Amino acid sequence: MKKKWTGERLETFIYTRDAIDHLHRYALVNDYIIGKKVLDIASGEGYGSNLISKTAQHVIGVDIDKESIEKASIKYKKNNLVFKIGSAEDIPVETNSIDVVVSFETLEHHDKHLEMFKEIKRILKPNGILIMSTPDKLYYSDKRTFVNKFHIKELYKDEYINLLNLNFNNNQLLNQSYINGNSIIQEDNSSQITQVYTGNYNSLTNLNLEPLYLISISSDTDIIKQKTTIFSGYNIVEEEMTLRLQKSNSFKLGSFILSPIKKIKKLLK
């Protein structure tokens, strides 16, 4: 059966920039979740919650889509992992029961931002941590003249900072950019954009590496601050190239020509 991707929720058969960006965010989470009780809001397909469960004590994946929750519950079966149906503004979790809340690319899919943060504060323990990401409307939409049909309310950086400061005492703001199959997450600096050079033997030029996404680490207590990290997308890019090759006409023709030889080899074994 041919798999189709709507573009709304990342699936594990997708090997594009989206996969690299998302996997980098979940890699960053590892510094905060060892032996902890974690909530993954908008868990979608469930791969992120599954990754978190490898080091966390207990993980709850929550998503508003019933079908996604049902499929995730079947695909990822672990004693320390459970999936529940729920929304960002009505989370089916007990008060003061969670050490770390993870919410990647959720905020922009609804307009109940204050309600969502109120719920997050309710379920977090007093020293709990929120790790969240969202597109920076300036770079994600405005400068690219791009409209994501699944987004309800995107935020500019200053709006996002105000929302964080309104709800948490300590916040670190990071940005995420991408170049040649690699994701870069670094501390945000509004006065500086990472400089990238390119060219060949004939000429050299520079490019502005504009960050499409904002990532925040928030708590009412002290937090471990992140330094610059890079996620190598080599494995993802390799998978994507393999899939493209297998879909090409030349590969299909070669497979057809070699199929009789393969059958003969099997008979001779």
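Note: the structure precedes this text.
If you're wondering where the values come from, they're calculated on a predicted model, not measured in any experiment. (Residues numbered from 1 in each chain as written. Predicted model: local features only at pLDDT ≥ 70, side-chain atom pairs only at ≥ 80, totals over all residues. Heavy atoms only, no water.)

A. How the structure looks around the overall build of the protein chain. A count of helices and strands for the protein chain gives eight helices and eleven strands. Looking at the protein chain as a whole, 42% of its 269 residues qualify as buried. For the protein chain, the proportion of contacts with a sequence separation of at least 24, taken over those separated by at least 6, is 67%. Accessible surface for the protein chain amounts to roughly 15700 Å². Of this, 53% is attributable to carbon and sulfur atoms. (Helix = DSSP H or I, 4+ residues; strand = E, 2+ residues; numbered from the N terminus. Buried < 20%, exposed > 50% of the residue type's maximum accessible area, 1.4 Å probe, protein only. Contact = heavy atoms within 4.5 Å. Areas by Shrake-Rupley, 256 points an atom, 1.4 Å probe, with all protein chains shown as cover.)

B. Just the pattern of salt bridges, in detail. In the structure shown here, the tally under the stated rule is nine salt bridges. Close ionic contact of glutamate 105 with arginine 25 constitutes a salt bridge, the shortest N to O distance being 3.6 Å. On the criterion of sequence distance, the pair formed by glutamate 105 in the loop between β4 (98–104) and α4 (113–123) and arginine 25 in helix α1 (residues 17–33) is long-range, its members being 80 residues apart. Each member of the pair, glutamate 105 together with arginine 25, is buried. Note that aspartate 188 is salt-bridged to lysine 157, the shortest N-O span being 2.8 Å. Of this pair, aspartate 188 sits in the loop between β7 (182–187) and β8 (195–199) while lysine 157 sits in helix α6 (residues 157–167), placing them 31 residues apart in sequence. (Salt bridge = Lys/Arg side-chain N within 4 Å of Asp/Glu carboxyl O.)

C. Fine view of a negative patch on the surface. On the surface, a cluster of negative charge is made up of Glu89, Asp90, Asp111 and Glu115. When you line up the elements, aspartate 90 lands in the loop between β3 (81–85) and β4. Residue classification places aspartate 90 among the exposed residues on the basis of a relative accessible area of 53%. (Patch = residues over 30% accessible without salt bridge, like charges linked within 9 Å, V, L, I, M, F, W, Y side chains within 5 Å. Lys, Arg positive; Asp, Glu negative; His and termini not counted. Charge placed at Lys NZ, Arg CZ, Asp CG, Glu CD.)

D. View of the sheet that holds β7. Taken in spatial order, the nine strands of this open sheet run β3-β2-β1-β4-β5-β10-β6-β7-β11, and their pairing is mixed. Here the strands that pair on one side only, and so sit at the sheet edges, are β3 and β11 (229–232). Between one strand axis and the next, the sheet turns through 15° on average, direction left out of account. Strand contacts of α1: β1 (37–41), β4, β5 (124–135), β6 (170–179), β7, β10 (213–219) and β11, with the helix running at about 150° to β6, the strand carrying the most contacts. Running at roughly 165° to β3, helix α3 (residues 66–75) makes contact with β2 (58–63) and β3 of the sheet. (Pairing = 2+ DSSP bridges. Axes fitted to C-alpha atoms, helices over the stretch in contact; angles between N-to-C directions.)

E. View of the environment of phenylalanine 168. As for its position among the elements, phenylalanine 168 is in the loop between α6 and β6. Residue class for phenylalanine 168 comes out buried when judged on its relative accessible area of 3%. As for phenylalanine 168 and serine 219, which are separated by 51 residues in sequence, their C-alpha atoms are 5.6 Å apart. Beyond its immediate stretch of four places on either side in the chain, phenylalanine 168 contacts Phe117, Ile120, Lys121, Leu124, Leu130, Ser218, Ser219 and Asp220.

F. Representation of the nonpolar core within the structure. Grouped together as the largest cluster of nonpolar side chains are 30 residues, with contacts concentrated most on Val38, Ile52, Val102 and Ile131. Those elements that provide at least two residues to this core are α1, α2 (47–52), α3, β3, β4, β5 and β10. Counting residues per element, this core draws most heavily on α1, which supplies seven residues. Those residues in contact with isoleucine 52, other than ones at most four positions away along the chain, are Tyr26, Val29, Ile33, Val38, Val59 and Val102. Grouped together as the second largest cluster of nonpolar side chains are 24 residues, Ile60, Ala88, Ile98 and Phe168 included. (Core = buried A, V, L, I, M, F, W, Y, C linked by side-chain atoms within 4.5 Å.)

G. Up close: α4. Every buried residue of α4 is accounted for by His113, Met116, Phe117, Glu119, Ile120 and Ile123. Take α4 and look down its axis: the buried residues cluster within an arc of 160°, on one side only. Opposite the buried face of α4, by more than 90 degrees, sit the exposed residues Leu114 and Lys118. (Arc of directions from axis to C-beta.)

H. Highlighting the packing of aromatic side chains. What the rule picks out here adds up to five aromatic pairs. Relative to tyrosine 47, the ring of tyrosine 26 lies with its centre 5.7 Å away and its plane at 75°, an arrangement referred to as edge-to-face. Residue tyrosine 26 is located in helix α1, and its partner tyrosine 47 is located in helix α2; the two are separated by 21 residues in the primary sequence. Here tyrosine 140 and tyrosine 213 contribute two aromatic rings whose centre-to-centre distance is 5.8 Å and whose plane-to-plane angle is 55°, an arrangement assigned as tilted. Linking tyrosine 140 in helix α5 (residues 137–142) with tyrosine 213 in strand β10, this pair joins segments that are 73 residues apart in sequence. Since its relative accessible area comes to 9%, tyrosine 213 is described here as buried. Between lysine 121 and the ring centre of phenylalanine 168, over which it is positioned, the NZ or CZ distance is 4.5 Å. (Phe/Tyr/Trp six-rings, centres within 6.5 Å; stacked < 30°, edge-to-face > 60°. Lys NZ or Arg CZ within 6 Å of the ring centre and 35° of its normal.)

I. Representation of the packing of α4 against α6. Contact geometry of α4 with α6 gives a least axis separation of 11 Å together with a crossing angle of 35°. As α4 runs across α6, the sense of the crossing is right-handed. Mapping the contact onto sequence places His113, Leu114, Phe117 and Lys121 in α4 and Leu163, Leu164, Leu166 and Asn167 in α6. Of the residues in the contact of α4 with α6, the class split is five nonpolar, two polar and one charged. (Left-handed = near helix turned anticlockwise from the far one by under 90°. Nonpolar A, V, L, I, M, F, W, Y, C, P; charged D, E, K, R; others polar.)

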